[in-house]
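Residues per chain, in single letters:
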Amino acid sequence: MATQQTRLLARAAVAPSVLMLFIWMIVPLVMTIWFSFHRYDLQNLDTYDWSGWENYYYFLTDPAFIQALIVTLTLVASVLVITVVGGVLLALLMDQPFFGQGIVRLMVLAPFFVMPTVSALVWKNLFMNPDSGLFTWISQSLHLPVVIWFTNYPLLSIILIVAWQWLPFATLILLTAIQSLDEEQKEAAQLDGAKPLSYFFYIVLPHLSRAITVVVLIETIFLLNTFAEIKVTTNGGPSTSNLPYLVYLTQQASDIGGASAGALIAVVLANIVAMFLVRLIGKNLEA
Amino acid sequence: MKTAKTLLALAGALACSVASAWAADTLTIATVNNGDMVRMQKLTDDFTKANPDVTLNWVTLEENALREKVTTDIATKAGQFDVLTIGTYEVPIWAKKGWLVSLDKLGADYDVDDLLTPIRAGLSYEDKLYAAPFYGESSMVMYRKDLFAKAGLTMPESPTWDFVADAARKIADKATGTYGICLRGKAGWGENMAFITAMSNSFGARWFDEKWHPQFDQPEWKNTLSFYVKLLKDAGPPGASSNGFNENLTLFNSGKCGMWIDATVAASFVSDPKQSKVSDQVGFALAPNNGLGKNANWLWAWSLAIPKSSKHIEAAEKFIAWATGKHYIDLVASKEGWANVPPGTRKSLYANPEYQKAAPFAKLTLDSIMSADPTHPTVKPVPYVGVQFVAIPEFQGIGTTVGQQFSAALAGSTTVDAALASAQNSTTRTMTKAGYIK
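In the nomenclature of an unreviewed UniProt entry, chain B is known as Sorbitol/mannitol transport system substrate-binding protein of Labrys monachus. Recorded in UniProt for chain B, the comment headed Sequence similarities (unreviewed entry) runs: "Belongs to the bacterial solute-binding protein 1 family." Under the heading Subcellular location (unreviewed entry), UniProt records this for chain B: "Periplasm".

Named according to an unreviewed UniProt entry, chain A is Sorbitol/mannitol transport system permease protein originating from Labrys monachus. What UniProt states about chain A under its Sequence similarities (unreviewed entry) heading is, verbatim, "Belongs to the binding-protein-dependent transport system permease family."

Below, the structure written as structure tokens:
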């Protein structure tokens, strides 16, 4: 049991890091809250004044707000489904012994190391370009109609790009989980004559549930912040402007007050999503 | 004794060097990472030799980062920079705020009357110059002479929109991947809205009336947007709604566009055989008009200005006079050739036969710049300055939001009417919030 002295020493030891945390996190947060209640435009500091809920009112009643919210949720949900399902399948495949396994694993994981801006540029100019992209060439070779991705399916295009970036992460986590599956359990299933599908649904999937939870939680946090892919490909063009992008638009007009309100609304919404997720699937983590 | 003398001498030398360092001005210059600006940095020996008491400290940034940093610095009066690189968008806004030093002491040989009139107007507030232009640009039509000849067409020097649209439809041959016209469609205040705003001026439209009420519910805007959407649908490249300057440059240089209306600075890229497949077939014309007295061309100038918070105003003035003066143009010409001098700022450059020979597009660039008037950009009167933008702080945000709507209309995901109604609504909201509309 800790004595009073050791407790005091421990407190003194952690004090600097607590102070740092305070400065790095609490101060900006408090400032954001403070600014969100002010008319604070960098280019017009003469009007700096208490504004009450005005910034929140304008942000929440912006017709683009609902649109941005729908886009954000669609993007997050779609990418989660693609990466989790795809990740499980890829992890199962990569768990099988085959020639060149190391190289294949490296190739599958590679997209995770590409920066979002770079991957968006590559997809936009090399793959999805309606004039000279790879997909256009494939369609033309097969005498199929050419798909104009960013014009006709802008949101789908961005979902595909983002999913491509996050699939390796899901695969990596799920592969590690599959590899931790108890050999004895595998053997017991084989001895009992379990068919592949039953083996997958009754042994592998329950074993993966914890890893899937981790993937969903971590990816959600990052996917709610998707920005670079939208900025580079369509600049928010036809129906692709998500919540961070909407805040960015406010900030562009040097309206610190409006942007602070928008940012706080985004934080609140992200927390609601996180709470919902933790309640819904977080129980797995306790098991 | 000898040691004491040596120490004294050393101390004296140290004191002198400290004193001279104290006397020397260190100018911190914020600039954009464009080729012409980077070249300027390489040539600054010429300036520092003539001004040994001034040392230069460069902060070179990408356009958006520069805009953000410089705005924060000047708004908060932080005084980090002595010379700012800003565009025609910022100058009237900041001059009105009293944030910039007026540039009336650039020296007797600076020849301020030699600056092109529209550029000078764009960088002035209440007839006082607040920034000196480093290079300037307008927009023009770049077209393929071979495709025009094949279609039996002759491009007039100042085409109308109807001619451009007819020609674009005649030239377009989608089977061979040749598009009649390439125009900006990617959302953004400096992307599609630069083009569409300039185009709307020639259609008689305006962003705001004299009382700052948005005008997207007026027939002029409907004509502009309908014409633009239909033209690109009939004769433009696929996916035009995600094409900006760079995408269209690539399309044009690879021989896929019959016409391209964009910045005059592109003229040197499309006629450079190293970059363009069609360099020997490019012709130039003024941006189109609709017979209303306004051409669809814009006006932009990257310029140097001094914030009021600078502590080295005199040295900053010397530097700006050097970087934007006639001597600098001669310096670049002697070291890098006439084709590489910063264009679009001085009358004397366009009167120079050597430059005319090196840049075949010089005359049209000059004519394009001269036909833009930032103080009277539209047919009807407006309360703002700026040709392809509205020089108010809120414009970056509303320009991009409206740009998204127009990009959606081009993509076909919304109608022209719905896009205009949405633009009217969002702009009215922002202008009401900002206090322009009571």
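### Some points on the overall build of chain B
A tally of regular secondary structure across chain B gives 19 helices and 11 strands. For 438 residues, the compact-globule formula gives about 22 Å, and the C-alpha radius of gyration of chain B, at 24 Å, lands near that figure. For chain B, the spread of C-alpha atoms along the three principal axes comes to 95 × 55 × 35 Å. Looking at the 438 residues of chain B, the share that counts as buried comes to 58%. Considering only intrachain contacts with a sequence separation of at least 6, the fraction spanning at least 24 residues in chain B is 74%. Surface accessibility of chain B: about 17,400 Å² in total, with carbon and sulfur atoms responsible for 54%. For chain B, the centre of its 43 positive side-chain charges and the centre of its 43 negative side-chain charges are spaced 3 Å apart.

### Overview of the sheet that holds strand E3 (residues 83–86) of chain B
Residue and element names in this part refer to chain B. Read across the open sheet, the five strands follow the order E2-E1-E3-E11-E6; overall the sheet is mixed. Of all the strands in the sheet, the pair left with one neighbour each is strand E2 (54–61) and strand E6 (132–137). Across the sheet, the mean angle separating the axes of adjacent strands is 15° when strand polarity is ignored. In terms of strand pairing, strand E1 (residues 25–32) meets E2 through eight bridges, oriented parallel. Paired with Asp25 across the bridge in E2 is Val54. Most of the contacts of helix H2 (residues 35–42) go to E6, to which it runs at about 140°, and overall it touches E1, E2, E3, E6 and strand E11 (300–305).

### Description of the pattern of salt bridges
All names here are of chain A. Considering all chains together, one arrives at 22 salt bridges over all chains under this definition. Arg39 is paired through a salt bridge with Glu54; the nearest N and O atoms lie 3.4 Å apart. Of this pair, Arg39 sits in strand E1 (residues 38–39) while Glu54 is found in helix H2 (residues 54–60), placing the two residues 15 residues apart along the sequence. On the basis of relative accessible area, Arg39 is assigned to the partly exposed category, the value being 31%. Where Glu183 meets Lys186, a salt bridge forms, and the shortest distance between an N and an O atom there is 3.5 Å. Taken as a pair, Glu183 and Lys186 lie in helix H9 (residues 183–191) at a separation of three residues, close to a single helical turn. A single salt-bridge network, built from bridges that share partners, covers Arg39, Asp49 and Glu54.

### A word on the side chain of Gln404 of chain B
Within the secondary structure, Gln404 of chain B sits in helix H18 (residues 395–411). Leave out the neighbours within four places in its chain, and Gln404 of chain B touches Asn235, Gly236, Gly237, Ser241, Tyr245 and Leu249 of chain A together with Ala187 of chain B.

### Observations concerning the interface of chain A and chain B
Listed by partner, the interface residues are 36 residues for chain A and 38 residues for chain B. Summing the contributions of chain A and of chain B, the shared interface buries around 2,900 Å²; its carbon and sulfur component is 49%. One salt bridge in this structure joins Lys124 of chain A and Glu247 of chain B, with 2.5 Å as the shortest N-O distance. Inspection of the region where chain A meets chain B yields 12 residue pairs in polar contact (both at pLDDT 80 or more). Residue assignment for the side of chain A that touches chain B shows that the elements contributing at least two residues are H2, helix H7 (149–152), helix H11 (228–233) and helix H12 (243–252) of chain A. With four residues, H12 of chain A is the single largest residue contributor to the side of chain A that touches chain B. Residues belonging to the side of chain A that touches chain B are distributed by class as follows: 12 nonpolar, 16 polar and eight charged.

### Section: the nonpolar core
Core analysis: the largest hydrophobic core is formed by 149 residues, its most contacted members being Trp161, Ile181, Trp207, Tyr228, Met259, Phe319 and Phe406 of chain B. It is helix H10 (residues 219–235) of chain B that contributes the most residues to this core, eight residues altogether. Ignoring any residue separated from it by four or fewer positions in sequence, one finds Tyr228 of chain B in contact with Leu183, Arg184, Gly185, Asn192, Phe195, Ile196, Met199 and Leu410 of chain B. Counting residues in each nonpolar core, the second largest holds 40 residues, with Val76, Leu175, Ala177 and Leu181 of chain A among its members.

What counts and what doesn't
Residues numbered from 1 in each chain as written. Chains lettered and ligands numbered in written order. Predicted model: local features only at pLDDT ≥ 70, side-chain atom pairs only at ≥ 80, totals over all residues. Heavy atoms only, no water. UniProt positions renumbered as here; feature names shortened; annotations may be inferred. Helix = DSSP H or I, 4+ residues; strand = E, 2+ residues; numbered from the N terminus. Rg over C-alpha atoms; globule rule 2.2 N^0.38 Å. Buried < 20%, exposed > 50% of the residue type's maximum accessible area, 1.4 Å probe, protein only. Contact = heavy atoms within 4.5 Å. Areas by Shrake-Rupley, 256 points an atom, 1.4 Å probe, with all protein chains shown as cover. Lys, Arg positive; Asp, Glu negative; His and termini not counted. Charge placed at Lys NZ, Arg CZ, Asp CG, Glu CD. Pairing = 2+ DSSP bridges. Axes fitted to C-alpha atoms, helices over the stretch in contact; angles between N-to-C directions. Salt bridge = Lys/Arg side-chain N within 4 Å of Asp/Glu carboxyl O. Buried area = accessible area lost by both parts, 1.4 Å probe. Polar contact = N/O pair within 3.5 Å; in protein donor to acceptor, adjacent residues only side chain to side chain. Nonpolar A, V, L, I, M, F, W, Y, C, P; charged D, E, K, R; others polar. Core = buried A, V, L, I, M, F, W, Y, C linked by side-chain atoms within 4.5 Å.

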